[in-house]
Amino acid sequence: MKSLLSLFLVLFFISCNGQDDNNTSNNNAPDDSPDMMASSTPLSIENVAVSGNENNYQFSVTLSSPDTGCEQYANWWEVISEDGSTLIYRRVLGHSHVNEQPFTRSGSGVDINATDVVIIRGHMNNTGYSTNAMKGSVSKGFTSTTLDNDFAPKLSTLEPLPNNCAF
């Protein structure tokens, strides 16, 4: 029994960490297909804090996500235009946060004006974009919003994208 458990752990470790960065196939590419198994608890943006100056802001985004490891984790959050036509900034998350929920990650160099209304949303590696997001501006703050399931899905193919899952 112990040897079976050890084998499982080794195989799990290899599947999460043993990917070659030069591999042209991306096993962690987003799959937004509706038949993907989704957790009953969706990813949500819990808080957005902003510091810095106009056209060079730092966003600190708190996410709550149903991470289970490399097979299911929040792999980025992003700042997009209000109409969903433009990816303004994306913060790639390199690993799962199973034992750290909710968690906050920052990203800087966000090039917007204080009055620009933007949306901050998150993405799961296996289920795609969450409909739970935040909307607002640096000058007025951010509040929770619910996006349509099909809101700006094409942004998921734009760089930067995650290369792999560390753990």
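Here is a short report on the structure shown in this document. Keep in mind that this is a model prediction, so the values were computed, not measured.

What about the sheet that holds strand β2 (residues 56-64)?
Working definition: the strands of a sheet are paired by backbone hydrogen bonds and lie parallel or antiparallel to each other.
Step number 1: As summarised here, the arrangement of the 3 strands in space is β1-β2-β5, forming an open sheet in which the pairing is antiparallel. A strand with exactly one partner marks an edge of an open sheet, and here the two such strands are β1 (44-53) and β5 (103-110). This sheet shows a mean twist of 20° between the axes of neighbouring strands, independent of strand direction.
Step number 2: The pairing of β1 with β2 spans 9 bridges and is classified as antiparallel. Each bridged residue has a counterpart across the sheet, and for Ser51 the counterpart in β2 is Gln58.

Thoughts on the pattern of salt bridges
As a working rule, side chains carrying opposite charge can pair if their charged atoms are close by.
Step number 1: The full count for this structure, using the stated rule, is 4 salt bridges.
Step number 2: Between Glu78 and Arg90 there is a salt bridge, and its shortest N-O distance comes to 2.7 Å. Of this pair, Glu78 sits in strand β3 (residues 74-81) while Arg90 sits in strand β4 (residues 87-92), placing them 12 residues apart in sequence. With respect to burial, Glu78 and Arg90 carry one shared label: buried.
Step number 3: For Arg121, the salt bridge is made with Glu78, and the minimal N-O distance between the two is 2.8 Å. Taken as a pair, Arg121 in strand β6 (residues 118-124) and Glu78 in strand β3 lie far apart in primary sequence, 43 residues in all. Accessibility classification places Arg121 together with Glu78 in one group, the buried group.

A few points about the side chain of Ser130
Step number 1: Along the chain, Ser130 falls in the loop between β7 (128-129) and β8 (132-137).
Step number 2: Only 3.1 Å separates the side chain of Ser130 from the backbone nitrogen of Asn132, close enough to count as a polar contact.
Step number 3: Dropping the residues within four chain positions of it, Ser130 is found in contact with Pro42, Leu43, Gly122 and Leu147.

Quick notes on the rules
- Residues numbered from 1 in each chain as written.
- Predicted model: local features only at pLDDT ≥ 70, side-chain atom pairs only at ≥ 80, totals over all residues.
- Heavy atoms only, no water.
- Pairing = 2+ DSSP bridges.
- Helix = DSSP H or I, 4+ residues; strand = E, 2+ residues; numbered from the N terminus.
- Axes fitted to C-alpha atoms, helices over the stretch in contact; angles between N-to-C directions.
- Salt bridge = Lys/Arg side-chain N within 4 Å of Asp/Glu carboxyl O.
- Buried < 20%, exposed > 50% of the residue type's maximum accessible area, 1.4 Å probe, protein only.
- Polar contact = N/O pair within 3.5 Å; in protein donor to acceptor, adjacent residues only side chain to side chain.
- Contact = heavy atoms within 4.5 Å.

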